[in-house]
Amino acid sequence: MSASPLSLLILAAAAIAGLTAWSAYFPAAPATRAPAPPDEISLPPAVTPRTALPDAMALLEIIPPSSPDSKTDLLLQERQILTARHPTRAELWVQLGDALAQKQRETQLPVWHDRAEAAYQKAQQIEPATVAALNGLAWVYGSRHDFQESVRWAKLALDLDPANPISHGIMGDAALELGDLERAAESYQAMLDARPDMSSYSRAAYLVWMKGDVKKGRWLMQKAIDAGSPHPENVAWCRTRLAMMLFNEGALLPAGQVVAEGLKQTPDHVPLLLLLGKIKLAQRDEKAATAAFESVLKSGENHDALVGLGDLHLIHGRTDLAESFFTRLEKQHRLNAAQGIHDHTQMARFYADHDRELDRALQFAQEHAQTQNVYEADTLAWVCYQKGDLKLARKAIETALRAGTPDAEIFYHAGLIAAALNDRPGAQKLLSRALSLNPHFHPLHSTKALKKLDELARTLTVKN
């Protein structure tokens, strides 16, 4: 990052015209051919696949019947045919990999990761210096949260094309997930400089929001939406992010309007439906919240939808009904584990939020004991607080608060930890901050935050 403030650099870059988006927050690598590498740069070795690579037809053998409304399924079929006709053309394998990656984004099924990886591997075997294939492999590993391997592939791409915006974006994503916000800023700035579009705007927007600049975060996310994308799912993802920012400001009505606009274009978009449920839950609109969460569950079990429905019943004292959803959640967690899907941080959060299975919660949260990631650190702090380990809770919450991320739940956890450490002024400040950001930040904990503030005030009155 240059000596100029990040915010100014991003604003300057964001003013540049020329918008061609390929993804939003989790990118699918575009189908662009790599430039010829300079003579002095050694070509990356062709990847050795873990198993024999399938042909184009085998890659798509599990694709569900194509819906006439699914542009991605139609795109997959077109690229499958082209790749089968010309199996030695690396760029066609990259294009097939991109379509498979988009399918993964839309379905969230890990099997599409494997198939996208196989397509990119095939391209890289044919032409080892194919930057788009290297970026595709970097994306696959980043999506699996194998950031070390993701960065390795992205660096190989940057060796061939130092200004490649996608490589810089993937490097930034890895840094963001690892909690290195300054390094993420450097990479995203390079991406913005190279190509201001939906992908770079949305990354910059989320980063500046994470660093506490709410207005600039929303402004940049709106620019990302305005930039558009060939894939409606990408725009929907940006609307989800914008609505999330508004929700965290307590602006429930505007957040709902952003979600409603997104659902007009993509009525089945799961993140939008989940956020709609969360907003309606905050507004105590039980009917609408239930409808939103149940819409998500029509396409399969979903962690956030099950928790949302369980919490909705807990609010009204219907503990048996709440427990039925939490039982389904535990079952889904076991199935995920059997399939190699890692949801430990989500489960640790759920256990801590509901004061249950705290030993398992601690086991899961401690997998990130050295984390600098804001949300992993917040989860670790919250679990440690619930377990009564205030020393570790304080250390972790200091990491979570460091960036200034305007999320009321982080300030709520910090306030309770401060209160437990007998820091009453600190606790009052942090709890007030949580409620001032969003007085309806959590269906179960917003009321508890208010009660804790009252309790702290009464203690002070009695002492005086």
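Residues numbered from 1 in each chain as written. Predicted model: local features only at pLDDT ≥ 70, side-chain atom pairs only at ≥ 80, totals over all residues. Heavy atoms only, no water.

What about the overall build of the protein?
Now for step 1: Summing up its helical and strand segments, the protein has 24 helices and zero strands in all.
Now for step 2: Sorting the 464 residues of the protein into buried and exposed places 54% on the buried side.
Now for step 3: Taking the contacts inside the protein whose residues are at least 6 apart along the sequence as the reference set, 60% of them involve residues at least 24 apart.
Now for step 4: Surface exposure of the protein reaches about 20,700 Å², of which carbon and sulfur atoms provide 53%. (Helix = DSSP H or I, 4+ residues; strand = E, 2+ residues; numbered from the N terminus. Buried < 20%, exposed > 50% of the residue type's maximum accessible area, 1.4 Å probe, protein only. Contact = heavy atoms within 4.5 Å. Areas by Shrake-Rupley, 256 points an atom, 1.4 Å probe, with all protein chains shown as cover.)

Observations regarding the packing of aromatic side chains
Now for step 1: Following the criterion strictly, the structure yields seven aromatic pairs and no others.
Now for step 2: Arranged with centres 5.9 Å apart and planes meeting at 20°, the rings of Y206 and W209 form a pair that is stacked. Of this pair, Y206 and W209 both sit in helix α10 (residues 198-210), three residues apart, which is roughly one turn of that helix.
Now for step 3: Owing to a relative accessible area of 9%, Y206 belongs among the buried residues under this scheme. (Phe/Tyr/Trp six-rings, centres within 6.5 Å; stacked < 30°, edge-to-face > 60°.)

Thoughts on the environment of I397
Now for step 1: You can see I397 is positioned in helix α21 (residues 390-401).
Now for step 2: Distance in space between the C-alpha atoms of I397 and Y385 is 9.8 Å, their sequence separation being 12 residues.
Now for step 3: When sequence neighbours within four positions are dropped, the list of residues in contact with I397 reads D378, A381, I410, H413, A414 and I417.

Looking at unusual backbone geometry
Now for step 1: Of note in this structure, H145 is not a glycine but carries a positive phi near 65°.
Now for step 2: In this fold, H145 is placed in the loop between α6 (131-143) and α7 (147-160).
Now for step 3: Even without being glycine, E357 reaches a positive phi, approximately 45°.
Now for step 4: Judged by relative accessible area, E357 falls into the partly exposed class, the value being 41%.

Side note on the pattern of salt bridges
Now for step 1: As enumerated under the stated definition, the model contains 21 salt bridges in all.
Now for step 2: Between E182 and K211 there is a salt bridge, and its shortest N-O distance comes to 2.8 Å. One end of the pair, E182, is in helix α9 (residues 181-194); the other, K211, is in the loop between α10 and α11 (214-227), with 29 residues separating them in the sequence.
Now for step 3: The closest approach of N and O atoms between R195 and D197, which form a salt bridge, is 3.0 Å.
Now for step 4: Given the relative accessible area of 0%, D197 is considered buried. (Salt bridge = Lys/Arg side-chain N within 4 Å of Asp/Glu carboxyl O.)

Quick look at helix α5 (residues 111-126)
Now for step 1: A rise of 1.5 Å per residue sets the reference length of α5, with its 16 residues, at 22 Å; its end C-alpha atoms lie 23 Å apart and thus fit the reference within 8%.
Now for step 2: Among all positions in α5, only W112, H113, R115, A116, E117, A118, A119, Y120, Q121, A123 and Q124 are buried. (Expected span 1.5 Å × (residues − 1).)

What to know about the packing of helix α4 (residues 90-107) against α6
Now for step 1: Remark: α4 packs on α6, axes separated minimally by 10 Å, with the N-to-C direction vectors making an angle of 25°. Considered as vectors, α4 and α6 are oriented roughly parallel to each other. In terms of crossing hand, the pair formed by α4 and α6 is left-handed. Judged by residue contacts, V94, A101, Q104 and R105 of α4 engage A132, A133 and W139 from α6.
Now for step 2: Within the contact of α4 with α6, the residues separate by chemical class into five nonpolar, one polar and one charged. (Axes fitted to C-alpha atoms, helices over the stretch in contact; angles between N-to-C directions. Parallel < 35°, antiparallel > 145°, perpendicular 65-115°, else oblique. Left-handed = near helix turned anticlockwise from the far one by under 90°. Nonpolar A, V, L, I, M, F, W, Y, C, P; charged D, E, K, R; others polar.)

Notes on the side chain of H313
Now for step 1: Locating H313 in the fold gives a position in helix α16 (residues 303-315).
Now for step 2: The class for H313 is buried, based on a relative accessible area of 13%.
Now for step 3: Discounting chain neighbours no more than four positions away, the residues touching H313 are R318, L321, A322 and F325.

A word on the environment of I417
Now for step 1: Structurally, I417 can be placed in helix α22 (residues 408-420).
Now for step 2: Along the sequence, I417 and C384 sit 33 residues apart, while their C-alpha atoms lie 9.5 Å from each other.
Now for step 3: Setting aside chain neighbours within four positions, we find I417 in contact with A381, Y385, A393, R394 and I397.

Considering the confidence of the model for the protein
Now for step 1: Counting all residues, the mean pLDDT for the protein is 86, and 84% of those residues have values of 70 or more.
Now for step 2: Looking at the elements of the protein, mean pLDDT is at its lowest for helix α1 (residues 6-14), recorded as 35, and at its highest for α22, recorded as 98.
Now for step 3: In the predicted structure, residues 1-41 sits below a pLDDT of 50 and forms 115 contacts with residues beyond four places in sequence or in another chain. (pLDDT = per-residue confidence, 0-100.)

Here we look at the nonpolar core
Now for step 1: Judged by nonpolar contacts, the single largest core of 98 residues is most densely connected at V259 and Y412.
Now for step 2: Setting aside residues up to four positions removed in sequence, Y412 forms contacts with W382, L431, A434, F441, H445, K448 and A449.
Now for step 3: One finds L96, L100, Y120 and V131 within the second-largest nonpolar core, a separate group that totals 35 residues. (Core = buried A, V, L, I, M, F, W, Y, C linked by side-chain atoms within 4.5 Å.)

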